[in-house]
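# Working through the structure, step by step
Here are the chains, one letter per residue:
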Amino acid sequence: MFPYALLAFVATALVAALAGWDDWASRVAIAAAGTAIAVTASSEYRVLVLSTDGLALCRSMRVRQFATKLLKRLPGDTLIEPVGGTMLATDWKIGAATFSVAKNSEKSIEHIRSRVT
């Protein structure tokens, strides 16, 4: 994701310069906003669902976190564990994949983890 964000930043700064923004602070602010929009628009959002049938991984909407499409069912013994993170998000290993989970959603995934293990 980092190379993509860097490319989006440089491209947006270049567009701002070509559009006539002469002040570097303005170019940087416009590039940061453009990068945030590009990264958000290209991110894939997933929801981990615990149902009576077991665990499932579903596609989610960008704004509200609810499932829109079932992607795959996960085995009952799927490993769910934290593997790192930042101040804003924690990285969780779910099966073979790693997902970033916002801190405000961390209790939900811990609840699912406690019910599965």
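Residues numbered from 1 in each chain as written. Predicted model: local features only at pLDDT ≥ 70, side-chain atom pairs only at ≥ 80, totals over all residues. Heavy atoms only, no water.

### Section: the environment of Arg115
- Along the chain, Arg115 turns up in helix α3 (residues 106–116).
- As for Arg115 and Val10, which are separated by 105 residues in sequence, their C-alpha atoms are 45 Å apart. (Helix = DSSP H or I, 4+ residues; strand = E, 2+ residues; numbered from the N terminus.)

### Section: helix α2 (residues 24–42)
- Here α2 is 19 residues long and its end C-alpha atoms lie 27 Å apart, about the 27 Å a rise of 1.5 Å per residue gives.
- Arg27, Ala31, Gly34, Thr35 and Ala38 are the residues of α2 that are buried. Projected down its long axis, α2 carries its buried residues within an arc of 105 degrees, all on one side. Away from its buried face by more than 90 degrees, α2 exposes Ala25 and Ile37. (Expected span 1.5 Å × (residues − 1). Buried < 20%, exposed > 50% of the residue type's maximum accessible area, 1.4 Å probe, protein only. Arc of directions from axis to C-beta.)

### Side note on the pairing of strand β2 (residues 54–60)
- The element β2 is extensively covered by neighbouring structure, given that five of its seven residues are classed as buried.
- As paired elements, strand β1 (residues 46–51) and β2 share six bridges and run antiparallel to each other. By the bridge assignment, Val49 is partnered in β2 with Ala56.
- Counting the residues in the hairpin turn of β1 and β2 gives two residues.
- Relative to strand β3 (residues 67–74), β2 is paired through six bridges, and the arrangement is antiparallel. Across the sheet, the residue bridging to Leu55 is Leu74, located in β3.
- From the end of β2 to the start of β3, which pair antiparallel, there are six residues. (Pairing = 2+ DSSP bridges.)

### Quick word on the sheet that holds β3
- Reading across the sheet, the three strands line up as β1-β2-β3 and stay open at both edges, with antiparallel pairing between neighbours. Two strands lie at the open edges of the sheet, namely β1 and β3, each paired on one side alone. When strand polarity is set aside, the average angle formed by the axes of neighbouring strands in this sheet is 35 degrees.
- The sheet contacts of α3 involve β1 and β2, and relative to β1 the element is tilted by about 40 degrees. (Axes fitted to C-alpha atoms, helices over the stretch in contact; angles between N-to-C directions. Contact = heavy atoms within 4.5 Å.)

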